[in-house]
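Structural description and commentary
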Amino acid sequence: MSHDAEARIGCTTDKSTLASVTAFSFKHLSLSLSVDFATKEIAGTATWTVIVAEAAEALVLDTTAGLAVTAATVNGHTVECRSLAPHECLGTPLAVPVPEAEREPGNELTVSLTYSTSPQSSALQWLPPAQTAGKQRPYMFSQCQAIHARALFPCADAPTCKFTYDAEVTVPAWATALMSAEPQGGPQEVPA
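Please read these numbers as outputs of a predicted model, since none were measured by experiment. (Residues numbered from 1 in each chain as written. Predicted model: local features only at pLDDT ≥ 70, side-chain atom pairs only at ≥ 80, totals over all residues. Heavy atoms only, no water.)

1. A short note on the state of the cysteines
Taken as a whole, this structure holds 0 disulfides when the rule is applied. Looking at the unpaired C81, the closest cysteine sulfur is the one in C155, lying at 14 Å. Cysteine C89 is unpaired, with the sulfur of C155 as its nearest cysteine sulfur at 17 Å. A relative accessible area of 57% means that C89 is categorised as exposed. (Disulfide = S-S within 2.5 Å. Buried < 20%, exposed > 50% of the residue type's maximum accessible area, 1.4 Å probe, protein only.)

2. Considering the nonpolar core
Grouped together as the largest cluster of nonpolar side chains are 39 residues, with contacts concentrated most on F24, F26, W48, V96, V111 and F153. Elements with a minimum of two residues in this core: β1 (24-36), β2 (41-52), β3 (58-61), β4 (68-74), β7 (94-97), β8 (108-116) and β9 (124-127). Take this core: its biggest share by element is 6 residues, from β1. Apart from the residues lying within four places of it in its own chain, the contact partners of F153 are L29, L31, W48, D62, L67 and Y115. (Core = buried A, V, L, I, M, F, W, Y, C linked by side-chain atoms within 4.5 Å. Helix = DSSP H or I, 4+ residues; strand = E, 2+ residues; numbered from the N terminus. Contact = heavy atoms within 4.5 Å.)

3. Looking at the sheet that holds β7
With respect to topology, 3 strands assemble into an open sheet ordered β3-β7-β6, the strand pairing being antiparallel. Of all the strands in the sheet, the pair left with one neighbour each is β3 and β6 (82-83). (Pairing = 2+ DSSP bridges.)

4. Topic: the sheet that holds β1
Spatial ordering of the open sheet is given by β5-β4-β8-β2-β1-β11, a layout of 6 strands whose pairing is mixed. Each edge of the sheet is formed by a strand with only one pairing partner; in this case those strands are β5 (77-78) and β11 (164-170). In this structure, β4 lies alongside β8, joined through 6 bridges in antiparallel fashion. The partner of A71 across the bridge, within β8, is T114.

5. Considerations on the pattern of salt bridges
Going through the model one piece at a time under the given rule, you end up with 3 salt bridges. A salt bridge links K27 to E108; the nearest nitrogen and oxygen atoms lie 3.1 Å apart. One end of the pair, K27, is in strand β1; the other, E108, is in strand β8, with 81 residues separating them in the sequence. Here K27 falls in the partly exposed class, since its relative accessible area comes to 44%. Here E108 falls in the partly exposed class, since its relative accessible area comes to 42%. Residue D157 is joined to R150 by a salt bridge in which the shortest nitrogen-to-oxygen separation is 3.0 Å. Considered together, D157 and R150 belong to a single accessibility category, that of buried residues. (Salt bridge = Lys/Arg side-chain N within 4 Å of Asp/Glu carboxyl O.)

6. Some thoughts on the environment of E108
Each C-alpha atom, one on E108 and one on P183, is 27 Å from the other, the two residues being 75 residues apart in sequence. Look past the residues within four positions of E108 in its chain and what remains in contact with it is K27, T49, V50, I51 and N75. A polar contact of 3.1 Å, which involves the side chain of E108, links it to the side chain of K27. (Polar contact = N/O pair within 3.5 Å; in protein donor to acceptor, adjacent residues only side chain to side chain.)

7. Things to note about the pairing of β9
The side chains of a regular strand alternate between both faces of the sheet. Burial of β9 is one-sided: the residues L124 and W126 facing one way are buried, the residues Q125 and L127 facing the other way are not. Judged from the 4 bridges that link them, β9 and strand β10 (residues 139-142) form a sheet pairing that is antiparallel. Each bridged residue has a counterpart across the sheet, and for W126 the counterpart in β10 is M140.

8. A short note on the environment of S34
Structurally, S34 is set in strand β1. Linking S34 and G44, residues 10 residues apart in sequence, is a C-alpha distance of 6.1 Å. Contacts of S34, omitting those with residues within four sequence positions, involve E41, I42, A43 and T170.

Geometry only, nothing functional implied.
In C-alpha coordinates:
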(Lines give C-alpha, C1' and ligand atoms only; values in the text may rest on other atoms or scores of the structure.)
Protein backbone atom coordinates (compact mmCIF):
# COMPACT_ATOMS: atom_id res chain seq x y z
CA MET A 1 0.00 0.00 0.00
CA SER A 2 1.33 3.43 -0.91
CA HIS A 3 1.93 6.15 1.67
CA ASP A 4 -0.86 8.26 0.08
CA ALA A 5 -3.37 5.39 0.41
CA GLU A 6 -2.37 4.86 4.06
CA ALA A 7 -2.82 8.58 4.73
CA ARG A 8 -6.31 8.60 3.17
CA ILE A 9 -7.43 5.55 5.16
CA GLY A 10 -6.11 7.02 8.41
CA CYS A 11 -7.84 10.38 7.91
CA THR A 12 -11.08 10.27 9.91
CA THR A 13 -11.17 13.94 10.85
CA ASP A 14 -13.07 16.41 8.69
CA LYS A 15 -11.56 19.81 9.40
CA SER A 16 -14.57 21.71 7.99
CA THR A 17 -16.98 20.66 10.75
CA LEU A 18 -17.40 20.53 14.51
CA ALA A 19 -20.25 18.01 14.19
CA SER A 20 -19.95 14.46 15.50
CA VAL A 21 -19.55 12.87 12.06
CA THR A 22 -17.66 9.81 13.35
CA ALA A 23 -20.04 9.00 16.22
CA PHE A 24 -23.19 9.16 14.05
CA SER A 25 -24.08 8.20 10.49
CA PHE A 26 -26.40 10.75 8.91
CA LYS A 27 -29.06 8.92 6.92
CA HIS A 28 -31.89 11.34 6.06
CA LEU A 29 -33.05 14.93 6.62
CA SER A 30 -36.66 16.03 6.44
CA LEU A 31 -37.23 19.79 6.35
CA SER A 32 -40.52 21.60 6.98
CA LEU A 33 -39.90 25.29 6.41
CA SER A 34 -41.74 28.59 6.11
CA VAL A 35 -40.18 31.58 4.35
CA ASP A 36 -41.03 35.02 5.75
CA PHE A 37 -40.02 37.84 3.40
CA ALA A 38 -41.16 40.55 5.87
CA THR A 39 -38.81 39.41 8.67
CA LYS A 40 -36.17 37.91 6.33
CA GLU A 41 -36.27 34.64 8.24
CA ILE A 42 -36.87 30.98 7.56
CA ALA A 43 -38.48 29.02 10.38
CA GLY A 44 -39.40 25.39 10.72
CA THR A 45 -38.24 21.94 11.67
CA ALA A 46 -35.23 19.88 10.65
CA THR A 47 -35.76 16.20 11.42
CA TRP A 48 -32.66 14.03 11.15
CA THR A 49 -32.54 10.25 10.96
CA VAL A 50 -29.12 9.18 12.25
CA ILE A 51 -27.54 5.87 13.20
CA VAL A 52 -25.40 5.67 16.34
CA ALA A 53 -21.90 4.52 15.29
CA GLU A 54 -20.18 5.13 18.63
CA ALA A 55 -21.84 5.62 22.00
CA ALA A 56 -21.96 9.37 22.64
CA GLU A 57 -23.72 11.55 25.19
CA ALA A 58 -24.70 14.09 22.53
CA LEU A 59 -25.15 14.52 18.82
CA VAL A 60 -23.16 17.63 17.91
CA LEU A 61 -24.36 19.64 14.91
CA ASP A 62 -22.92 22.66 13.15
CA THR A 63 -24.84 25.94 13.57
CA THR A 64 -24.07 29.64 13.65
CA ALA A 65 -24.80 32.27 16.27
CA GLY A 66 -27.78 33.52 14.21
CA LEU A 67 -29.55 30.15 14.12
CA ALA A 68 -32.02 29.91 17.01
CA VAL A 69 -33.02 26.37 18.07
CA THR A 70 -36.12 26.63 20.26
CA ALA A 71 -37.10 22.97 20.76
CA ALA A 72 -35.62 19.51 20.28
CA THR A 73 -36.66 15.88 20.59
CA VAL A 74 -34.76 12.60 20.27
CA ASN A 75 -37.01 9.63 19.47
CA GLY A 76 -39.95 11.65 20.76
CA HIS A 77 -38.29 12.61 24.08
CA THR A 78 -37.89 16.34 24.70
CA VAL A 79 -34.24 17.28 25.27
CA GLU A 80 -32.47 20.53 26.14
CA CYS A 81 -29.85 21.49 23.55
CA ARG A 82 -26.92 23.67 24.44
CA SER A 83 -24.56 25.74 22.37
CA LEU A 84 -20.91 24.91 22.79
CA ALA A 85 -18.01 27.37 22.58
CA PRO A 86 -18.05 29.18 19.24
CA HIS A 87 -15.21 28.72 16.78
CA GLU A 88 -13.94 31.75 14.88
CA CYS A 89 -14.46 30.12 11.45
CA LEU A 90 -16.65 27.06 12.01
CA GLY A 91 -19.55 28.59 13.91
CA THR A 92 -21.28 27.52 17.09
CA PRO A 93 -21.69 23.77 17.58
CA LEU A 94 -24.98 22.62 19.07
CA ALA A 95 -25.02 19.64 21.46
CA VAL A 96 -28.24 17.61 21.32
CA PRO A 97 -28.29 15.19 24.30
CA VAL A 98 -28.92 11.55 23.44
CA PRO A 99 -30.93 9.74 26.14
CA GLU A 100 -28.80 7.06 27.79
CA ALA A 101 -31.09 4.23 26.64
CA GLU A 102 -30.64 5.33 22.99
CA ARG A 103 -26.80 5.42 22.86
CA GLU A 104 -26.21 1.81 21.77
CA PRO A 105 -24.25 1.58 18.47
CA GLY A 106 -26.61 0.60 15.67
CA ASN A 107 -29.63 2.41 17.15
CA GLU A 108 -31.57 4.62 14.77
CA LEU A 109 -32.46 8.04 16.18
CA THR A 110 -35.01 10.57 14.99
CA VAL A 111 -33.76 14.00 16.03
CA SER A 112 -36.20 16.85 15.48
CA LEU A 113 -35.10 20.48 15.88
CA THR A 114 -37.42 23.49 15.71
CA TYR A 115 -35.46 26.57 14.69
CA SER A 116 -35.31 29.85 12.80
CA THR A 117 -32.64 31.68 10.85
CA SER A 118 -31.79 35.34 11.33
CA PRO A 119 -31.92 38.14 8.76
CA GLN A 120 -28.09 38.08 8.84
CA SER A 121 -27.81 34.39 7.88
CA SER A 122 -24.70 33.94 5.73
CA ALA A 123 -26.57 31.28 3.71
CA LEU A 124 -29.40 33.56 2.59
CA GLN A 125 -29.53 36.58 0.30
CA TRP A 126 -32.67 38.72 0.56
CA LEU A 127 -33.19 41.09 -2.34
CA PRO A 128 -35.72 43.95 -2.18
CA PRO A 129 -38.11 44.43 -5.13
CA ALA A 130 -35.89 47.19 -6.55
CA GLN A 131 -33.13 44.59 -7.16
CA THR A 132 -35.37 42.16 -9.09
CA ALA A 133 -36.25 42.03 -12.80
CA GLY A 134 -39.92 42.99 -12.36
CA LYS A 135 -39.26 45.37 -9.45
CA GLN A 136 -42.56 44.17 -7.88
CA ARG A 137 -41.65 41.44 -5.40
CA PRO A 138 -38.68 40.60 -3.17
CA TYR A 139 -36.46 37.60 -3.92
CA MET A 140 -34.44 35.24 -1.75
CA PHE A 141 -31.88 32.62 -2.63
CA SER A 142 -29.63 30.39 -0.57
CA GLN A 143 -25.96 29.58 -1.07
CA CYS A 144 -24.58 26.94 1.24
CA GLN A 145 -21.06 26.58 -0.17
CA ALA A 146 -18.48 26.33 1.27
CA ILE A 147 -19.69 25.88 4.86
CA HIS A 148 -22.84 28.01 5.06
CA ALA A 149 -25.47 25.24 5.34
CA ARG A 150 -24.95 25.55 9.12
CA ALA A 151 -26.48 29.06 8.85
CA LEU A 152 -29.61 27.60 7.18
CA PHE A 153 -30.32 24.55 9.38
CA PRO A 154 -28.57 22.56 12.15
CA CYS A 155 -26.44 19.96 10.34
CA ALA A 156 -23.17 18.17 9.88
CA ASP A 157 -21.91 20.72 7.36
CA ALA A 158 -19.12 18.64 5.84
CA PRO A 159 -18.39 17.12 2.44
CA THR A 160 -17.87 13.75 4.14
CA CYS A 161 -21.48 13.71 5.39
CA LYS A 162 -23.85 12.41 2.69
CA PHE A 163 -27.59 11.88 3.22
CA THR A 164 -30.93 11.93 1.43
CA TYR A 165 -33.47 14.65 2.08
CA ASP A 166 -37.03 15.78 1.49
CA ALA A 167 -38.54 19.19 2.11
CA GLU A 168 -41.83 20.97 2.35
CA VAL A 169 -41.49 24.73 1.94
CA THR A 170 -44.26 27.26 2.55
CA VAL A 171 -43.90 30.53 0.63
CA PRO A 172 -46.32 33.36 -0.19
CA ALA A 173 -48.80 32.59 -3.01
CA TRP A 174 -46.86 34.83 -5.42
CA ALA A 175 -43.57 32.97 -4.83
CA THR A 176 -42.15 29.65 -6.01
CA ALA A 177 -39.83 27.50 -3.90
CA LEU A 178 -37.12 25.65 -5.84
CA MET A 179 -34.54 23.19 -4.52
CA SER A 180 -31.88 20.94 -5.98
CA ALA A 181 -34.31 18.03 -6.15
CA GLU A 182 -37.19 16.69 -8.21
CA PRO A 183 -40.53 18.14 -7.08
CA GLN A 184 -43.07 15.70 -5.68
CA GLY A 185 -46.65 16.80 -6.31
CA GLY A 186 -47.62 20.38 -7.00
CA PRO A 187 -48.19 23.56 -5.06
CA GLN A 188 -50.91 23.40 -2.42
CA GLU A 189 -52.97 26.24 -0.98
CA VAL A 190 -52.23 26.97 2.67
CA PRO A 191 -55.19 28.24 4.70
CA ALA A 192 -54.68 31.84 5.80
